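Chain and residue survey
In case you want the letters, here they are:
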Amino acid sequence: MRRQLFEEDHEMFREMAAEFNVRAVAPHYAQWDRDHMMPRELWTAAGEQGLLGLAVPEEFGGLGMTDYRFRAVLDEEFAKSNHLAVGLAFHLHDDMVLPHLLAYGSEDLKQRWLPGMVSGETVTSVAWTEPGAGSDLRGVRTKAVRDGDDWLITGQKTFIGNGISGDAALVLARTDGGSGRGGAESFSLFMVRKGEGYTTGNQLDKMGLKASDTPELFFDNVRVPHADLVGEEGQGLRYCAGQLPQGRLGIAVAGSAVARAVYEATVRYTKDRNAFGERIIDFQNSRFELADILTEVEVTESYVDRAITAFNAGELDASSAARVKLWASERAKSVTDRCLQLHGGYGYIMEYPVAQAFLAARLLTIFGGTNEIMRDVVGRGIAG
Ligand SMILES: Cc1cc2nc3c(=O)[nH]c(=O)nc-3n(C[C@H](O)[C@H](O)[C@H](O)COP(=O)(O)OP(=O)(O)OC[C@H]3O[C@@H](n4cnc5c(N)ncnc54)[C@H](O)[C@@H]3O)c2cc1C
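The notes below deal with the structure included here. Throughout, residues of each chain are indexed from 1 in the direction in which the sequence is written. Since the coordinates come from a predicted model, pLDDT governs what is reported: local features require at least 70, and pairs of side-chain atoms require 80 or more to be given and counted, while whole-chain, interface and lining totals use all residues. Calculation of side-chain values draws on the structure's entire complement of heavy atoms; hydrogens and water are dropped beforehand.

**What to know about a nonpolar patch on the surface**
Inclusion rule: Two joining distances apply to patches: 9 Å for like charges and 5 Å for nonpolar side chains (Val, Leu, Ile, Met, Phe, Trp, Tyr), and every residue must have over 30% relative accessible area and no salt bridge. Per-residue and other accessible areas were derived by the Shrake-Rupley procedure at a 1.4 Å probe size, with only the shown protein chains allowed to occlude residues. Any Lys or Arg side-chain nitrogen found within 4 Å of a carboxyl oxygen on Asp or Glu counts as a salt bridge. A run of H or I in DSSP counts as a helix once it spans at least four residues, and a run of E counts as a strand once it spans at least two, with each numbered from the N terminus.
On the surface, Tyr346, Tyr348 and Ile349 cluster together to form a nonpolar patch covering roughly 360 Å² of accessible area. Among the secondary structure elements, Tyr348 is positioned in the loop between helix H9 (318-342) and helix H10 (353-364).

**Digging into empty space enclosed by the protein**
For clarity, the cut-off: Definitions used throughout: a 1 Å grid over protein atoms alone; a cavity as a set of points that fits a 1.4 Å probe which cannot get out; a pocket as an open set with protein on both sides within 12 Å along at least five of seven lines; a lining residue as one with an atom within 4 Å of a point. Grid points are joined across faces, edges and corners, and a volume is the space filled by probe spheres set on the points. Charged means Asp, Glu, Lys or Arg here, nonpolar means Ala, Val, Leu, Ile, Met, Phe, Trp, Tyr, Cys or Pro, and polar covers whatever is left, Gly included.
A full pass over the atoms with the stated rule returns 1 cavity of 30 Å³ or more. Considered as a void within the structure, the largest cavity measures approximately 200 Å³ in volume. Those elements that provide at least two residues to the lining of the largest cavity are helix H4 (68-80), helix H5 (84-104), helix H7 (236-272) and H10. Of the residues that constitute the lining of the largest cavity, the class distribution is 13 nonpolar, 3 polar and 1 charged.

**Focus: the packing of aromatic side chains**
Here the distance between the centres and the angle between the planes together describe a pair of aromatic rings. What counts here: Note on ring pairs: Phe, Tyr and Trp rings are taken, using the six-membered ring of Trp, and paired if centres are within 6.5 Å. Classes follow the plane angle, with under 30 degrees stacked, over 60 edge-to-face and the rest tilted. Whether a residue is buried, partly exposed or exposed follows from its accessible area with a 1.4 Å probe, protein chains only, as a fraction of its type maximum: under 20%, in between, or over 50%, in that order. Charge-over-ring contacts are defined here by two conditions on Lys NZ or Arg CZ: a distance within 6 Å of the ring centre and an angle within 35 degrees of the ring normal.
Here the structure, examined in full by the defined rule, presents 11 aromatic pairs. Judged by centre distance (5.3 Å) and plane angle (85°), the rings of Phe13 and Phe70 are edge-to-face. Here Phe13 is found in helix H1 (residues 8-25), whereas its partner Phe70 is found in helix H4, with 57 residues between them in sequence. Take Phe13 and Phe70: they sit in the same class, and that class is buried. With a centroid separation of 3.7 Å and an interplanar angle of 15°, the aromatic rings of Tyr104 and Tyr239 are classed as stacked. Of this pair, Tyr104 sits in helix H5 while Tyr239 sits in helix H7, and the two are 135 residues apart along the sequence. Its relative accessible area of 4% is what places Tyr239 among the buried residues. Between the NZ or CZ atom of Arg193 and the centre of the ring of Trp113, over which it lies, the distance is 4.3 Å. Here the guanidinium or amino end of Arg331 rests over the ring plane of Trp327, the centre of that ring lying 4.3 Å away.

**With respect to the site of the ligand**
In plain terms, the rule: A cutoff of 4 Å decides nearness: a residue is near a molecule or strand if any of its heavy atoms lies inside that distance of it. Here a polar contact is recorded for every N or O atom pair within 3.5 Å, except that within protein the pair must consist of a potential hydrogen donor and a potential acceptor, and residues adjacent in sequence are included only if both atoms are side-chain atoms. Cavity and pocket membership follows a simple rule, namely that a molecule belongs there if more than half of its atoms are within 2 Å of the grid points.
Around the ligand, a shell composed of 17 residues is seen, among which Thr129, Ser135, Phe159, Thr370 and Glu372 lie nearest. Measuring from a nitrogen atom of the ligand, one finds a backbone N or O atom of Val126 at 2.7 Å. In this structure, Glu372 approaches the ligand through a side-chain N or O atom, which is 2.6 Å from an oxygen atom. Structurally, the ligand is housed in the largest pocket.

**Remarks on the nonpolar core**
Stated formally: The nonpolar core is taken to be a set of buried Ala, Val, Leu, Ile, Met, Phe, Trp, Tyr and Cys residues, with the residues joined through side-chain atoms within 4.5 Å. By the convention used here, residues are in contact when the closest approach between their heavy atoms is within 4.5 Å.
Val86, Phe90, Leu101, Trp128 and Leu172 are the most contacted members of the largest nonpolar core, which has 95 residues in total. Val86 has contacts with Val25, Tyr29, Trp32, Met38, Leu42 and Phe78, leaving out every residue within four places of it along the chain.

**Here's the deal with the environment of Pro131**
By secondary structure assignment, the location of Pro131 is in the loop between strand E1 (124-127) and strand E2 (143-147). For the pair Pro131 and Thr158, spaced 27 residues apart in sequence, the C-alpha separation works out to 6.0 Å. Aside from chain neighbours lying at most four places away, what touches Pro131 is Gln156, Lys157, Thr158 and Glu216.

**Some thoughts on the environment of Ala144**
Examined against the element boundaries, Ala144 turns out to sit in strand E2. Judged by relative accessible area, Ala144 falls into the buried class, the value being 5%. For the pair Ala144 and Asn221, spaced 77 residues apart in sequence, the C-alpha separation works out to 8.6 Å. Beyond its immediate stretch of four places on either side in the chain, Ala144 contacts Trp151, Leu152, Ile153, Ala173, Arg174, Thr175 and Phe190.

So this is what it looks like as structure tokens:
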């Protein structure tokens, strides 16, 4: 069934994103995977092409493309070609950091940060998770202490995508001076640029998405100007919760797109390969599996498309975003697993896209809030 979501403008943007992907990503991606890092030139090239900071208003150097369908097109193009690490890196920058600055940042903060985020000269990370606090962000121990016109930040973060390659992080820190589990108003968000006292740890050796760098970060009395406090002191957790629907929608888009891409690759593969004198696709089991998978892919696309429409209308609430993230990421996990099985031994070989997609999709049920947390968010809403 044809999707109804996209219009001519989105398809033109898709052509541009596809051309960028073929020209600037495809020839180098395998090397980036080996390096566990993408080069900065990728970011500036993407900036020149108008692929970063899509929602940034013109006055801050952007194109003001707040229609989420453009972000979705970009994610879909990276998923289609199995360049999911690029999708993840851009997702952190555009779906996670940017919405906070747009929604809560002062004019001055926007003026100083947004033009670089659009051009790709400033690459950003989200630094919320800590060794002792992932699902439960009230356990964050990184602290920020006021010192005249500045803040001094001390603490440790982990699993920070773009942490080595990037320039700055949106850091969640405790600002009420307390210890133990914090309250709703114990935390604040800061844009923290690399400098004295800000160090990156080793790369964490991930099972997939290797081209995206993911280190620990350490802050030792890092001096941050008060002007880089995002919004109001004590509102950090409320801001994180307020912008999570966009992050979760982005994960749902990636999940749906990777499921579609892997399904299509598997149809091609099972038509090409033979066993017992027949094509693999001619076995009833293969056809039944592919029939189920295609049905799931289409249902997921419809659900995600509806969520994108709701987001554009300002109606994607926390529970709806949690549900679509839950659904699409579980489908991505299951579809990549079953498609891998249909590839036989070749599915286990990294040269085959299905192996890479399987490992990449595995992250989707974990990050951006685990799916157990998604169920909790939805269940609490139902219980009232
Ligand atoms: C590759 C990768 C990239 C990441 N990128 C970033 C990033 O850029 N920035 C960032 O800040 N973070 C990032 N993360 C962190 C990610 O968001 C966390 O891993 C995730 O939120 C889970 O936290 P945790 O790992 O501490 O697990 P835990 O919170 O320790 O959870 C362990 C298990 O307990 C379950 N659990 C926890 N609480 C509950 C509950 N209330 N009810 C039921 N079950 C529960 C969880 O679902 C999970 O199954 C990344 C993680 C990975 C792996």
